[in-house]
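A closer look at the structure
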Amino acid sequence: MKENLFRIQVLRVVATAVVLFLVYSLFHVQVVEGERWSSMAESNRFRRFTQVAPRGSIYSADGVTLATNIKTYDVAMSYEHDRQLREQAITTLCSLLNLDTDEVTQLLRTHQRKFEPVVVASGVSFEKVAMLEEHRYLIPGLVIQVNPRRHFPQPYLFSQPLGRVSAREYTGISGLERQWNDYLQGQSGSYIIQVNANHVPIGEPVYDREAVPGHDLQLTLDAELQQVAQDSLRRVLEKLRENETAENAWAGAVVVIDPNTGRILAMVSEPTFDINNPNSFVQGGIIYPEEVPSWARTHGLDRTVNYRKPIGSTMKMLTGMAALETGNVSSSETIRCTGRTEISNQPTQCYARTAHGNVDMIRALEVSCNIYFGNLGHRMGRDVFYQYLEIFGMGWEHRNAGFTDIPFGEQRDALDYRLRDTWFGGHNVQIAYGQLNEFTPMQVANYVAMIANGGTHYKPYLVETITDYTGEVVEHFQPTIIKSHDFDPAHLETIRQGMLAAARGGHMRGVAQPTAGKTGTAEDRSPPGNAHAWWVGYGPYDEPEIVVVVFLERGGLGLRAAEVGRDIFDFWYEHRQDND
Amino acid sequence: MGREKFLRNFDWTLLATVILLGLFGLLMVAASTNTGDAELREILTSRFVFRQGVFLLIGIGAMVLLSIIDYNEWRRFIIPIYIFTLFVLLLVMFRGQSGILGAQRWIQIGFFSFQPSEFAKITIILTMAVVLSREDFSIDSWYNLALAIGPAVPPMILIFMQPDLGTSLVFIAITIGALFVAGIRWIHLGILSLSGLIGSVLAYLFVFKDYQQQRLAIFLDPWQDLQGMGWQIIQSKIAVGSGQFWGRGLFQGTQSQLDFLPEKHTDFIFSVVGEELGFLGAMALLAVYLFMVWKVFQVALEAKDLFGRLICIGVSSMLIFQLVVNVGMTISVMPVTGLPLPLISYGGSSLLATCIGMGLVLSVAAHRDTSLF
């Protein structure tokens, strides 16, 4: 016990000794050498800056630059500790740049990391920067940063799929820019600069960490095809409005995919916005003609993947396949069309109440006979039909399966109509010719591609290759098969012939090569009440290279949408086919 | 024991000293996270000050509560406490969150992330005290010595692997302090120290991660690495030195205010003390600190049993080691190891663990046998 107490005393002496050692060390640093360290603190005018990494560029499949960086001048202030100098700096700066003094003061005061400069004005012109440089001696803490800014050479053509980039953080906030941000962003760097007593940088910056530029994306999108699709869509919409055949035709979408891989070759959504102008995305920032109704002022919306509407008669190939595969009808069986009848108490009529007479599958597709397909719907019933919707990738599964490589908005269950408790027999008839259920143009494109390619469900994708800034390929994406379904080839052939007949007899007459197609006119009673025009097609018939889906919201007859399809196929057969 | 006796034995001075240091810490956290022109209301409601204040209140509560409970009660729970500590340290390893330099030190519980290694120090203080104070146990042989050191080794290795070199060194300080007072033979102590020296050289060569080696190399010559760790060391020394005798005044230090100092509210808080309060302020802080440690030693001397003594020795070893390493690192007389300054640095876990330790010491003081004196 005695020993214990002695040893505690020893420890106490040791503890005291080491504290005295600290006292001695502190005395040496603070009092003996204090003067020297103090003058170092005075001249300690190192500043640390963040260097924003250049974002990776985005290129189209045909080598057109879709997104790149341009230089902008940002004016920043680093925190000057001396209040008088600081206030003088803020006043001078604000008068030169016409900024609000209180706002800038507040910005500087609330900035947590005083060591780094705060950007007070971005995108400043070179003339203003030169003027600031002349007055630098009055503005201690002034920092001119040269930062990259996102620039899209085609401001209206790819707005929705590319998405926007926030100016401040320089990160993607929608579309591909968001989905692939980790690749595009690169790594920001930082460097240290010493400034003299007048806050003028002296010497070369010393790099803490060099910025690493982001990776480049090469897309599957074909810029020229996209332009053709957008021009055609705009022209047709305008014509429809002017001729007052469809005064509400303000919006629409076009999707072109490769049925053999899932590559998305074009995706156009109207209306669109100037992606280089951050204000244009905000409602009111874009100038709509006065007559544009409010529901159509949705320029930020990507109607190809985030917007669903009933698809009308373009559903009929699916209904036909379902009935053939489940033995509810044979290719040769005929059903009598009187132009107008009741099926399961559901009044059903064909366009213009035309009586088609005895029609088989091919003829029914050719003339788009509602009574024929209504009967198939009645025979199959709801559950068989929904089973085939899912086989064709038209179901809820896409919500989580990453249907494309751009982010979705919030999606309702595509099949939620089934969940309604007011289901009655007539609904079996209506769903068969494309009413009640709603789908996105991209879903429709995928379903038509499955008919064209024999039943393979490819994941539609936009990014082909990723390369780093040295040009080395980081990733090269291969087509992804989500699933395959074994259809009877004879059944597929029947449906394809029906599409060929429909196109040849009407809207695709005279096209350079055999092309399959189908129109759709989807009724929609919700205001403003006009029908939606749809057209789907693929070609060439024997060796399909592209699938085209055209959607004219409130565009009226499907035949109108076919005009856009025709333009796209004419372009493809003339300019693209031989290149392959 | 009667209430009257408890109140008479209670060490009010020690309690007041701890609270005083805690409040001083709060002030320094405010000074290192706010600039001179911030308003008082802003400072009080700023995230760092508010959180530290809440933890200080909780800490004081825990300290008072622990001082009331007889410290001998904890003997019965030592095995569950020890196992639980190991479990949580393992959890950090597999589920923890990375902090500075990718070290996994934190665990998220509700809104708070806490640092189990801080609490593990208290567990080891208690465990060593329980083992070494057993009637039938004496560390006169190598075998018994190994038995006594044994429990401290697993948590130490886990913390070293986080990696947190500083905190695992605190464990060594606690262990040495406890063994020394429990009566380790001088020859054993000598051999242990020598092998420890050789062991640390080997550890430096073969076990230390690159950055840990670098830290030590940079400690010897900070100017070789102006952009990285050397920057921090030099900036800290400039800060402390430029405080000179009187200091630059509270909230007035250019080094601290301009953010030349990384981690200035946590590990490098003493740089802010040195810069803004000068040699005078630093001396005042060291004096109060030394006074507190002396009081803990006094409680150890007056404790009624060896268990109580060893608790006090563990706590004082921890405090003095962290004080010297932390303050020393701000003026480059010690390498940077990432240890907080107990009661002063920002950080709820460290503050709470220190208060728990002081609560145990206060309990030893309050339950001492006064008939001896």
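This part takes up the overall build of chain B. Broken down by element type, chain B carries 16 helices and three strands. Looking at the 373 residues of chain B, the share that counts as buried comes to 49%. A fraction of 72% describes how many contacts in chain B between residues 6 or more apart in sequence connect residues 24 or more apart.

Along its length, chain A carries 18 helices and 21 strands. Per-residue burial over chain A gives 44% buried out of 580 residues. Partitioning the intrachain contacts of chain A with sequence separation of at least 6 by distance along the chain shows that 71% fall at a separation of at least 24.

Turning our attention to the pairing of strand 21 (residues 546–553) of chain A. All names here are of chain A. Among the eight residues of strand 21, eight are classified as buried, and the element is accordingly described as predominantly covered. Of the two faces of strand 21, both are covered, the one formed by Ile546, Val548, Val550 and Leu552 as well as the one formed by Val547, Val549, Phe551 and Glu553. Alignment of strand 9 (residues 251–257) against strand 21, held across seven bridges, turns out to be antiparallel. Opposite Val254, over in strand 21, you have Val550 as the bridge partner. Hairpin geometry of strand 20 (residues 532–539) and strand 21 is characterised by an intervening segment of six residues between the two adjacent antiparallel strands.

Another point: the nonpolar core. Counting 118 residues, the largest nonpolar core has Val254, Val256, Val448, Val547, Val549 and Val550 of chain A as the members making the most contacts within it. Taken together, domain 1 (47–219) and domain 2 (223–246 + 309–507 + 519–579) of chain A each give at least three residues to this core, which thus spans both. With near-sequence residues (within four places) excluded, Val254 of chain A lies in contact with Ala229, Leu233, Ala266, Val268, Val550 and Val564 of chain A. In this structure, Trp37 of chain A together with Val131, Leu319 and Ile331 of chain B belong to the second largest nonpolar core, which totals 106 residues.

As a further point, take the sheet that holds strand 21 of chain A. In sheet architecture, strand pairing relies on hydrogen bonds along the backbone and comes in two forms, parallel and antiparallel. All names here are of chain A. Taken in spatial order, the five strands line up as 10-9-21-20-19 in an open sheet, and their pairing is antiparallel. Each edge of the sheet is formed by a strand with only one pairing partner; in this case those strands are strand 10 (264–270) and strand 19 (516–522). Pairwise comparison of adjacent strand axes, ignoring direction, gives a mean angle of 5 degrees for this sheet. By the bridge criterion, six bridges tie strand 9 to strand 10 in an arrangement that is antiparallel.

Let's shift gears to helix 9 (residues 165–182) of chain B. Residues and elements named next belong to chain B. Look at helix 9: 26 Å from first C-alpha to last across 18 residues, which is about the 26 Å you get at 1.5 Å a residue. In terms of residue burial, helix 9 counts as a mostly covered element, since 14 of its 18 residues are buried. One or two steps after helix 9, the chain reaches Gly183, where phi turns positive at roughly 100 degrees.

Another point: helix 15 (residues 425–432) of chain A. For an α-helix the count is 3.6 residues per turn, leaving residues at separations of three or four pointing the same way. Residue and element names in this part refer to chain A. By the burial criterion, the buried members of helix 15 are Asn428, Val429, Gln430, Ile431 and Ala432. Where helix 15 is buried, its residues contact helix 11 (316–325), strand 12 (340–343), strand 13 (346–349) and helix 13 (370–391). Count one or two residues on from helix 15 and you reach Gly434, which has phi positive near 85 degrees.

Before going further, it helps to examine the environment of Asp62 of chain A. All names here are of chain A. Structurally, Asp62 can be placed in the loop between strand 2 (58–59) and strand 3 (65–77). Using a count of 14 C-beta atoms within 10 Å as the deciding quantity, one classes Asp62 as partly exposed. In this structure the C-alpha to C-alpha distance between Asp62 and Ala223, which are 161 residues apart in sequence, comes to 6.6 Å.

The next subject is the confidence of the model for chain B. Of the residues in chain B, 85% have a pLDDT of 70 or more, and the chain-wide mean is 85. Interface scoring of the predicted complex returns ipTM 0.90; its pTM is 0.61.

Turning next to unusual backbone geometry. Residues and elements named next belong to chain A. Between Glu270 and the following residue, Pro271, the backbone shows a cis peptide bond with an omega angle of -5 degrees. Positionally, Pro271 belongs in the loop between strand 10 and helix 10 (278–281). Geometrically, the link from Pro527 to Pro528 is a cis peptide bond, its omega value of 5 degrees lying close to zero. Along the chain, Pro528 turns up in the loop between strand 19 and strand 20. The backbone of Arg554 sits at a positive phi, close to 60 degrees, despite the residue not being glycine. In this fold, Arg554 is placed in the loop between strand 21 and helix 18 (558–576).

What follows covers the pairing of strand 20 of chain A. Residues and elements named next belong to chain A. Of all eight residues in strand 20, eight are buried, a share of seventy percent or more. Across the two faces of strand 20 the burial is the same, with His532, Trp534, Val536 and Tyr538 and Ala533, Trp535, Gly537 and Gly539 all buried. Note that strand 19 and strand 20 share seven bridges and pair antiparallel. For Gly517, the partnering residue across the bridge sits in strand 20 and is Gly537. Direction of pairing for strand 20 relative to strand 21: antiparallel, over a ladder of seven bridges. Looking at strand 21, one finds that Gly539 is bridged to Ile546.

Turning our attention to the environment of Leu162 of chain A. Secondary-structure assignment places Leu162 of chain A in helix 6 (residues 159–162). Contacts of Leu162 of chain A, omitting those with residues within four sequence positions, involve Ile58, Leu66, Ala67, Phe152, Gly175, Leu176, Glu177 and Ile275 of chain A.

Here we take up the packing of helix 14 (residues 269–302) of chain B against helix 15 (residues 306–330) of chain B. Residue and element names in this part refer to chain B. Contact pair helix 14 / helix 15: the axes reach a minimum separation of 10 Å and the direction vectors enclose 165 degrees. With respect to helix 15, the axis of helix 14 lies roughly antiparallel. In this structure, helix 14 meets helix 15 at a crossing whose hand is left-handed. Facing helix 14, whose interface residues are Phe270, Ser271, Gly274, Tyr289, Val293, Val296, Phe297, Val299 and Ala300, helix 15 presents Arg309, Cys312, Ile313, Val315, Ser316, Leu319, Ile320, Leu323, Asn326, Val327 and Thr330. Across the contact of helix 14 with helix 15, the residue classes break down as 14 nonpolar, five polar and one charged.

Calculation rules
Residues numbered from 1 in each chain as written. Chains lettered and ligands numbered in written order. Predicted model: local features only at pLDDT ≥ 70, side-chain atom pairs only at ≥ 80, totals over all residues. Helix = DSSP H or I, 4+ residues; strand = E, 2+ residues; numbered from the N terminus. Buried ≥ 20, exposed ≤ 12 C-beta atoms within 10 Å, placed from the backbone. Contact = placed C-beta atoms within 7 Å. Pairing = 2+ DSSP bridges. Core = buried A, V, L, I, M, F, W, Y, C linked by C-beta atoms within 7 Å. Domains from an automatic or database assignment. Axes fitted to C-alpha atoms, helices over the stretch in contact; angles between N-to-C directions. Expected span 1.5 Å × (residues − 1). pLDDT = per-residue confidence, 0-100. Parallel < 35°, antiparallel > 145°, perpendicular 65-115°, else oblique. Left-handed = near helix turned anticlockwise from the far one by under 90°. Nonpolar A, V, L, I, M, F, W, Y, C, P; charged D, E, K, R; others polar.

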